[in-house]
Amino acid sequence: LSELIQTLRPDLICFTGDILNLSYLDNPTAHNQARDVLSKWHAPQGIFAVSGSPAVDLPDIFDSLIAGTNVHRLNNTCAVVQKKDGPTLNILGVTCSHVPHQDVPTAENLLSGVDADHLNILLYHSPDVAPALSTSGIDLQLSGHTHGGQVRLPFLGALVTGSLYGRAFQRSGRYELGKLTLYISRGIGMEGAGAPRVRFLCPPEIIDWEIKGK
């Protein structure tokens, strides 16, 4: 992962949560390994992250894992990023509670405080707020959580979706919802606890976005 990031040389890195596998939340070795990986990330315009599922990215653990790295947590906050001769981006980060009617107003409140002429990018762990935000002014929502199912069968698709909308978001990739573009990443990890440590027809991914302004 670190070698791939170095090869891509991104201006900006966005991470949408779940650093550790659920089975290793209290494992010191896993904590040290996670810090080691995160410390190798570099991007001149910043590294921004939101926490993932509340049961996985426990607040004290999440903050301790990114401490001393270049990762900046957006906890219901916004960062403004501008590259020379490029577009200005509002990076809005909303902490996921998995309760859309609670988190949607938080995103809307963040929007009310930014310049509407800039490109608004929402980092939110789950895709489930996207339908309610489709006309809010969010241009791009980056999410994960579902892993694209992690296990997919030919013709059938994902066996488990992890979404309140059932199979509506069962595949990873790009969705157009009104004026909002949603991208659900398959991510790079696997479920923990009682889930099998396997991916099938659902390889891990990171996404390289190229954003151009007029």
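Since we're looking at a predicted model, the values are computed, not measured.

Caption draft 1: Looking closely at the overall build of the protein chain. Looking only at helices and strands, one finds 4 helices and 11 strands in the protein chain. Taking 214 residues into account, the globule formula puts the C-alpha radius of gyration at 17 Å, and the protein chain, at 17 Å, falls close to it. Judged by the C-alpha coordinates and their principal axes, the protein chain covers about 45 × 40 × 35 Å. Expressed as a percentage of the 214 residues in the protein chain, the buried residues total 46%. For the protein chain, long-range pairs separated by at least 24 residues make up 62% of all intrachain contacts whose partners lie at least 6 apart in sequence. Counting every atom, the protein chain has about 11200 Å² of accessible surface; 54% of that belongs to carbon and sulfur. Once the 16 positive and 20 negative side-chain charges of the protein chain are each reduced to a mean point, those two points are 7 Å apart.

Caption draft 2: Looking closely at the pairing of strand β5 (residues 88–93). Here β5 lies mainly inside the structure; 6 of its 6 residues are buried. Both faces of β5 are covered, namely the face carrying T88, N90 and L92 and the face carrying L89, I91 and G93. Here 6 bridges tie strand β4 (residues 77–82) to β5, and the two strands are oriented antiparallel to one another. Pairing of C78 across the sheet is with L92, part of β5. Hairpin connection between β4 and β5: a loop of 5 residues separates the two successive antiparallel strands, and D85 in this loop has a positive phi of roughly 65°. In this structure, β5 lies alongside strand β6 (residues 119–123), joined through 5 bridges in parallel fashion. Looking at β6, one finds that I91 is bridged to I121.

Caption draft 3: Representation of the packing of aromatic side chains in the model. Going through the model one piece at a time under the given rule, you end up with 4 aromatic pairs. The interplanar angle of 65° and the centroid separation of 5.7 Å between the aromatic rings of Y165 and F169 together place this pair among those described as edge-to-face. Judged by relative accessible area, which is 40%, Y165 ranks as partly exposed. What makes F169 buried here is its relative accessible area of 4%. Ring geometry for Y183 versus W209: centroids 5.7 Å apart, planes at 85°, classification edge-to-face. Placement of Y183 in strand β11 (residues 180–184) and of W209 in the segment after β11 is noted, with a sequence separation of 26 residues between them. Since its relative accessible area comes to 15%, Y183 is described here as buried. The exposure class of W209 is partly exposed, given its relative accessible area of 31%.

Caption draft 4: The arrangement of the sheet that holds strand β2 (residues 47–49) in detail. Taken together, 3 strands build an open sheet; the order of strands is β1-β2-β3 and the sheet is parallel. Edge positions in the sheet fall to β1 (13–15) and β3 (71–73), since each has one partner strand and no second. Between one strand and the next, the sheet's axes are offset by a mean angle of 25°, whatever the strand orientation. As judged from the 3 bridges shared by β2 and β3, these two strands associate in the parallel manner.

Caption draft 5: The arrangement of the sheet that holds strand β10 (residues 173–177) in detail. Pairing is mixed in the open sheet, where 6 strands are placed in the order β4-β5-β6-β7-β11-β10. With partners counted over all chains shown, the strands left at the sheet margins are β4 and β10, one partner each. Pairs of neighbouring strands in the sheet enclose a mean axial angle of 20°, with direction left out of account. In the packing of helix α4 (residues 100–111) onto the sheet, contacts are made with β4, β5 and β6, and the angle to β5 comes to roughly 150°.

Caption draft 6: Representation of the nonpolar core within the structure. Counting residues in each nonpolar core, the largest one holds 19 residues, and the members touching the most others are L122, L133 and L182. Listed by contribution, the elements that provide at least two residues to this core are α4 and β11. Per-element tally for this core: the top contributor is α4, with 4 residues. With residues up to four places along the chain from it excluded, the contact list for L133 reads V104, A107, E108, L122, I138 and L180. The next biggest cluster of nonpolar side chains, apart from the first, holds 18 residues, and it includes F15, L25, A34 and I61.

Cut-offs applied
- Residues numbered from 1 in each chain as written.
- Predicted model: local features only at pLDDT ≥ 70, side-chain atom pairs only at ≥ 80, totals over all residues.
- Heavy atoms only, no water.
- Helix = DSSP H or I, 4+ residues; strand = E, 2+ residues; numbered from the N terminus.
- Rg over C-alpha atoms; globule rule 2.2 N^0.38 Å.
- Buried < 20%, exposed > 50% of the residue type's maximum accessible area, 1.4 Å probe, protein only.
- Contact = heavy atoms within 4.5 Å.
- Areas by Shrake-Rupley, 256 points an atom, 1.4 Å probe, with all protein chains shown as cover.
- Lys, Arg positive; Asp, Glu negative; His and termini not counted.
- Charge placed at Lys NZ, Arg CZ, Asp CG, Glu CD.
- Pairing = 2+ DSSP bridges.
- Phe/Tyr/Trp six-rings, centres within 6.5 Å; stacked < 30°, edge-to-face > 60°.
- Axes fitted to C-alpha atoms, helices over the stretch in contact; angles between N-to-C directions.
- Core = buried A, V, L, I, M, F, W, Y, C linked by side-chain atoms within 4.5 Å.

In short, shape yes, function no, at least from these values alone.
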